[in-house]
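Descriptive structure summary
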Amino acid sequence: MKHGALWCVAPAVSGCVWRQGALQPKGPKALAIAELGALFFWISLVVLALVVGSALWAFVRGARHAGKADQPPILPSEQTERQLARAVGASTVVAVVLLAILLISSIATGRNLSAFAPAKPLHIRITGHQWWWKIEYPGATPDQQVVTANELHVPVGQPVELELISADVIHSLWLPNLDGKHDLIPNHVLKTRLQADTPGAYFGRCAEFCGYQHAHMDLILIAQTPTEFAAWLAGQRLPAIEPTTPETERGRAIVEQSPCALCHTISGTRALGSTGPDLSHFASRRSLGAGAAVRNRATLANWLRNPQELKPGNQMPAVELSSADLAAVVDYLESLR
Ligand code: CUA
């Protein structure tokens, strides 16, 4: 399921998530990269066809000649030597010109990408962790700030400035439908801008080997209309939803009294940890463990029972809970829309 072309489970925001694809550009930067890729592809294809075609032609011609018993052997003459020298000279010139075209277009694209600096971008801070993404939307006041994880929401048609940093080792953010790769380096803020032109959900991932669970460090980018985005941001600014049933009430109490509260924040509760992802709106997200599984009650219960089974090596310890307590915690976390 996870490796299909589309993720069509957990329809939290919009139906499906496109698997990453640099050949389906959905923003100006990815479009420039895709066009450069197309130029390289077509030029290489024509060169390959010419080289293979000439080799086949020479082979067929030689075989035919050798098949005729009465033919004299082909010996080098002054005329054939001159023809050969001209052919080699012409091929060299063509190769140099083609390489120059590729080099110049590559430099020009690189410059255009780094010059992409539209005015008034929306600022978002992304911190790479082993092995998940912390995503922060700064606000004018602390209560306006939004903290989430592994799901990056952006408004369509508006440039976004990403501030990239790492909390541990070097990671690399890769959202191929929108941009190239950018490293997240400890103690060094790297800024990049991108823009999504088409609403949709796009798959991204860590593109730099960063340890055991590098392969489970996925990110989903959700490009929404400005109205939808504003509504989402406003929802994320609200404190976590209050329990409405005795079961979710009990679930919250267990979370607050267990080690969960030391590593995770759930706004409006006594859970104030910052080692792991913010869970205030946990159930609004689609994936669990940064893409280790699709988020639903069953995968969440398994995750809580033994986080090391689904994602060995991650920093979350198993918390001893009875089946009834586990069900209450699942109920509570699944209510955090
Ligand atoms: Cu983070 Cu690979």
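Residues numbered from 1 in each chain as written. Predicted model: local features only at pLDDT ≥ 70, side-chain atom pairs only at ≥ 80, totals over all residues. Heavy atoms only, no water.

Take the sheet that holds strand 4 (residues 132-137) next. Strand order across the open sheet formed by five strands is 5-4-3-7-10, with mixed pairing between neighbours. Edge positions in the sheet fall to strand 5 (146-149) and strand 10 (190-194), since each of these pairs with one other strand and no more. The mean angle between the axes of side-by-side strands here comes to 25°, regardless of whether they run parallel or antiparallel. By the bridge criterion, seven bridges tie strand 3 (residues 122-129) to strand 7 (residues 160-166) in an arrangement that is parallel. Within the sheet, the bridge partner assigned to Thr127 lies in strand 7 and is Ile165. Relative to strand 5, helix 3 (residues 226-237) is tilted by about 100°, and along the sheet it contacts strand 3, strand 4 and strand 5. (Pairing = 2+ DSSP bridges. Helix = DSSP H or I, 4+ residues; strand = E, 2+ residues; numbered from the N terminus. Axes fitted to C-alpha atoms, helices over the stretch in contact; angles between N-to-C directions. Contact = heavy atoms within 4.5 Å.)

For the rest of this paragraph, the subject is the packing of helix 4 (residues 246-257) against helix 8 (residues 323-335). Interhelical geometry of helix 4 versus helix 8 gives an angle of 100° and a closest axis separation of 7 Å. By the angle between their directions, the pair helix 4 and helix 8 is classed as roughly perpendicular. Residues Glu247, Thr248, Arg250, Gly251, Arg252, Ile254 and Val255 of helix 4 form the contact with helix 8, whose participating residues are Ala324, Asp325, Ala327, Ala328, Val329, Asp331, Tyr332 and Ser335. A breakdown of the residues in the contact of helix 4 with helix 8 according to their chemical character gives seven nonpolar, three polar and five charged. (Parallel < 35°, antiparallel > 145°, perpendicular 65-115°, else oblique. Nonpolar A, V, L, I, M, F, W, Y, C, P; charged D, E, K, R; others polar.)

On the surface, Phe41, Trp42, Leu45, Leu48, Val52 and Leu56 cluster together into a nonpolar patch covering about 620 Å² of accessible area. Relative to the elements of secondary structure, Leu56 occurs in helix 1 (residues 28-67). For Leu56, a relative accessible area of 52% gives the class exposed. (Patch = residues over 30% accessible without salt bridge, like charges linked within 9 Å, V, L, I, M, F, W, Y side chains within 5 Å. Areas by Shrake-Rupley, 256 points an atom, 1.4 Å probe, with all protein chains shown as cover. Salt bridge = Lys/Arg side-chain N within 4 Å of Asp/Glu carboxyl O. Buried < 20%, exposed > 50% of the residue type's maximum accessible area, 1.4 Å probe, protein only.)

Moving on, we come to the side chain of Thr299. Inspection of the secondary structure assignment puts Thr299 in helix 6 (residues 297-305). In this structure the side chain of Thr299 is engaged in a polar contact, spanning 2.8 Å, whose partner is the backbone oxygen of Val294. Ignoring any residue separated from it by four or fewer positions in sequence, one finds Thr299 in contact with Leu288, Ala293 and Val294. (Polar contact = N/O pair within 3.5 Å; in protein donor to acceptor, adjacent residues only side chain to side chain.)

Attention shifts here to unusual backbone geometry. A cis geometry characterises the amide bond from Gln130 onward to Trp131, with omega recorded as 5°. The residue Asn150 is not glycine, and still its phi comes out positive at about 60°.

So, about the environment of Glu81. Tracing the chain through its elements places Glu81 in helix 2 (residues 78-114). With relative accessibility at 47%, the residue Glu81 sits in the partly exposed group. Separated by 39 residues in sequence, Glu81 and Trp42 place their C-alpha atoms 32 Å apart.

Now for the nonpolar core. Ranked by internal contacts, the top residues of the largest apolar core, which has 30 residues, are Ile124, Ile126, Trp133, Tyr137, Leu152, Leu162 and Leu173. Mapped by element, the contributors of at least two residues to this core are strand 3, strand 4, strand 6 (151-155), strand 7, strand 11 (200-206), strand 12 (218-224) and helix 3. Residues contacting Ile126, with those up to four places away along its chain left out, are Trp133, Lys134, Ile135, Leu152, Leu162, Glu163, Leu164, Ile165, Leu173 and Leu184. Counting 23 residues, the second-largest nonpolar core is a separate cluster that includes Ala240, Ala301, Ala328 and Tyr332. (Core = buried A, V, L, I, M, F, W, Y, C linked by side-chain atoms within 4.5 Å.)

The next point concerns the state of the cysteines. Within this structure, the stated rule accounts for zero disulfides. We note that Cys263 lacks a disulfide partner, and the nearest cysteine sulfur, in Cys260, lies 8.6 Å from it. (Disulfide = S-S within 2.5 Å.)

Turning our eyes to something else, we now look at helix 8. With 13 residues, helix 8 extends 18 Å between its outermost C-alpha atoms, agreeing within 8% with the 18 Å of an ideal straight helix rising 1.5 Å per residue. Residues Leu326, Ala328, Val329, Val330, Tyr332, Leu333 and Glu334 constitute the buried set of helix 8. In this structure, the buried side of helix 8 is in contact with helix 4 and helix 6. (Expected span 1.5 Å × (residues − 1).)

By the secondary structure assignment, Lys191 is in strand 10. Separated by 67 residues in sequence, Lys191 and Ile124 have C-alpha atoms that sit 9.9 Å apart. Ignoring anything within four residues of it in the chain, the contact list for Lys191 reads Glu161, Leu162 and Glu163.

Let us look at helix 1. For helix 1, with 40 residues, the first-to-last C-alpha span of 58 Å sits near the 58 Å given by 1.5 Å per residue. Of the surrounding secondary structure, the elements contacted by the buried residues of helix 1 are helix 2, strand 9 (181-184) and strand 10.

With that out of the way, let us pick up the confidence of the model for the chain. Averaged over the chain, the pLDDT score is 90; the fraction of residues at 70 or greater is 94%. Contacts from residues 1-6, a stretch scored under 50 in pLDDT, to residues over four places away or in other chains number 19 contacts. (pLDDT = per-residue confidence, 0-100.)

By volume, the largest pocket is sized at about 610 Å³. Considering the residues around the largest pocket, the lining is formed by 33 residues, among which His264, Gly276, Pro277, Trp303 and Met316 are closest to the centre. Of all the elements in the fold, those that place two or more residues in the lining of the largest pocket are helix 5 (260-263), strand 13 (287-288), helix 6 and helix 8. Top contributing element to the lining of the largest pocket by residue count: helix 6, with three residues. Considered class by class, the residues forming the lining of the largest pocket number 20 nonpolar, 10 polar and three charged. (1 Å grid on protein atoms, 1.4 Å probe; cavity = no way out; pocket = protein on both sides within 12 Å on 5 of 7 lines; lining within 4 Å. Points joined across faces, edges and corners; volume = space filled by probe spheres on them.)

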